[in-house]
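One-letter residues, chain by chain:
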Amino acid sequence: MVDRGNGLDSDCTYYSGGPLLINITVPRVVGDVAKLKAAHYISPMAHLRLPAFDVDMFGDPADSAAPPEVDRVTFNGHDLGTLTGDNDIWKLNEFTIPIEWINFPSAGADGVAPIPGDNELRIDIDTYSGGDDNWCTSVDWAELDFDAIAPIFLVHGILSNGSAAWPNFHTAFTEAGIPFSDSINLPGRGTIEGNAVVLAQRLTALATSLGARKCHIIAHSKGGLDSRAYLNGTYNADRLRVLSLYTVSTPHHGTVIADMGIAVEEQLPTLSLTRLFLTRLLPFVADLSTSSMAAFNARYPTVPTGVLAYAVGADADGNSDKQIDTGEAIDLPAGLSKPAIATYFYQTLATEATMRVTSNRPTIWGDTSGIVIDVMPTSGFAKNDVLVSTASATAPFGTYLGDRVGNHTTVKSTDLARTILQQIIADYPNR
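Residues numbered from 1 in each chain as written. Predicted model: local features only at pLDDT ≥ 70, side-chain atom pairs only at ≥ 80, totals over all residues. Heavy atoms only, no water.

*Asks:* Would you take a moment to explain the overall build of the protein chain for this structure?
*Replies:* Along its length, the protein chain carries 15 helices and 14 strands. Evaluated residue by residue, the protein chain yields a buried proportion of 49% over its 431 residues. Put simply, of all contacts in the protein chain between residues at least 6 apart along the chain, 76% involve residues at least 24 apart. (Helix = DSSP H or I, 4+ residues; strand = E, 2+ residues; numbered from the N terminus. Buried < 20%, exposed > 50% of the residue type's maximum accessible area, 1.4 Å probe, protein only. Contact = heavy atoms within 4.5 Å.)

Written out as structure tokens, the structure reads:
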């Protein structure tokens, strides 16, 4: 919206004082407009509104021979038609503009706001009077609005980095023209709370470079915990509003693997090389223990109001009886295919580190469980996927996990990226 500057708040302007030239700047990077439009991630038309004064479109009632006032409006050289109004009144004029006619900015450097896209709104006054000053008009303000998906920021997990962690998401988002960044690099061995501070700085810098005030976060593994700590810590919605958080294979209840690592470390000689190595890892290993995560969840039981939180994963225990039955164990890795053995591992390890989500949106996802995206505040923070069968890794909503061999990593597939995009649009059709 522009409320001051050239062409605005002037006296009633005649032909000789015109045209009115109004500059509308767009500060927000939206991505590849052609791709976004084809995928329905941006509105095909923008909406222009401006109040105009004293537009005598019906002419002079006392002089039928006098031409009416015809004020022609163009946007970046494209004809939009003429203003409407009547004598001595303000009239709100509205026009629709193809999204391709708008000049959008390119991304700025990291932490630097982009140079806004300049758009010229031109009003040629009294074009039917042959150059005579018969009619005048003035404009108070002008507003241009359109719908576009907010940028998406990807947060990696342990011992990883941004670009290496998300190749399939990078491909899917680039193909769709989505504004996104996978350049967030957190300390690979950092604590949850420490990484949350770094994450806050990086999110702010990236949003600034895109001219964005809103965003979506997709986080993998421990990155989901870093993101939860950020949202419950330094998060400021007035500065950057997070619309949604998607955690992918995140150990929201910790993992017994971390418990076992800590137990092993405590039994080793103080100066042993193995203990020294484990100690270097402990900043995040200790955070991921089941006891630490129990305390974390008590401290941060949910996310701030206004943030939609989702979780993605799978669970080999298809019928939720805390046992791995014959049918559930049949396609588990060699050595785990016997129900008794599989149940032992499930109960001692995977129960603490397995994810199970049941949809509370059956109209969208179906009344089922397994690899399902679900709203966290309803289902509770879900657990991670450790013991996963082929059935729970591939059904019922596509091969998000790929297969049971690499489930924790292959969950980050192009299929999942596209599904998350669809959910974002379903939740925020106008953002």
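We are not done yet, so read on.
*Asks:* Teacher, can you tell me more about the sheet that holds strand β4 (residues 78-82) here?
*Replies:* Backbone hydrogen bonds hold the strands of a sheet together, and the pairing may be parallel or antiparallel. Spatial strand order, β1-β6-β3-β4: 4 strands in an open sheet with antiparallel pairing. Edge strands, defined here as strands with exactly one partner in the open sheet, are β1 (20-26) and β4. With direction set aside, neighbouring strand axes in the sheet form an average angle of 20°. Across 4 bridges, strand β3 (residues 72-75) lies against β4 in antiparallel orientation. Directly across from F75, in β4, lies its bridge partner H78. (Pairing = 2+ DSSP bridges. Axes fitted to C-alpha atoms, helices over the stretch in contact; angles between N-to-C directions.)

*Asks:* Can you help me understand the nonpolar core in this one?
*Replies:* What tends to happen in soluble globular proteins is that the nonpolar side chains get buried as a cluster. By size, the foremost hydrophobic cluster in this structure holds 55 residues, and its most contacted members are I152, F173, I178 and I218. Examining the composition of this core, we find that 5 residues originate from one element, helix α15 (residues 414-427), more than from any other. With residues near it in sequence (within four places) discarded, I152 still touches F173, I178, P179, F180, S181, H216, I218, L421 and I424. Core analysis: the next-biggest nonpolar cluster, separate from the first, contains 32 residues, L199, Y230, L231 and V242 among them. (Core = buried A, V, L, I, M, F, W, Y, C linked by side-chain atoms within 4.5 Å.)

*Asks:* What exactly am I supposed to notice about helix α5 (residues 222-231) here?
*Replies:* The α-helix winds at 3.6 residues per turn, so residues separated by three or four positions along the chain end up facing the same way. The buried count for α5 comes to 10 of 10 residues, which makes it a mostly enclosed element. For α5, the complete set of buried residues consists of K222, G223, G224, L225, D226, S227, R228, A229, Y230 and L231.

*Asks:* I tried to follow unusual backbone geometry on my own but got confused; where do I start?
*Replies:* Phi is mostly negative for residues that are not glycine, and the peptide bonds are mostly trans. Omega for the peptide link from G18 to P19 comes to -5°, which places this bond in the cis form. Following the sequence through the fold, P19 ends up in the segment before β1. Phi at D9 is positive, roughly 55°, even though this residue is not glycine. Checked against the element boundaries, D9 lands in the segment before β1.

*Asks:* Would you explain the pattern of salt bridges in this entry?
*Replies:* If the charged atoms of two oppositely charged side chains come close together, the side chains can form a pair. All chains considered together, the criterion is met by 8 salt bridges. The partner of R49 in a salt bridge is E143, with the nearest N and O atoms 2.6 Å apart. Of this pair, R49 sits in strand β2 (residues 45-53) while E143 sits in strand β8 (residues 143-145), and the two are 94 residues apart along the sequence. Residue R49 is classed as partly exposed on the basis of its relative accessible area, which comes to 23%. For R299, the salt bridge is made with E193, and the minimal N-O distance between the two is 3.3 Å. Here R299 is found in helix α8 (residues 290-299), whereas its partner E193 is found in helix α4 (residues 192-209), with 106 residues between them in sequence. You can call R299 partly exposed: its relative accessible area is 47%. A relative accessible area of 34% places E193 in the partly exposed class. (Salt bridge = Lys/Arg side-chain N within 4 Å of Asp/Glu carboxyl O.)

*Asks:* How should the environment of G188 be read in this particular structure?
*Replies:* If you trace the backbone, G188 turns up in the loop between β10 (180-181) and α4. Judged by its relative accessible area of 24%, G188 is partly exposed. Separated by 27 residues in sequence, G188 and N161 place their C-alpha atoms 7.5 Å apart.

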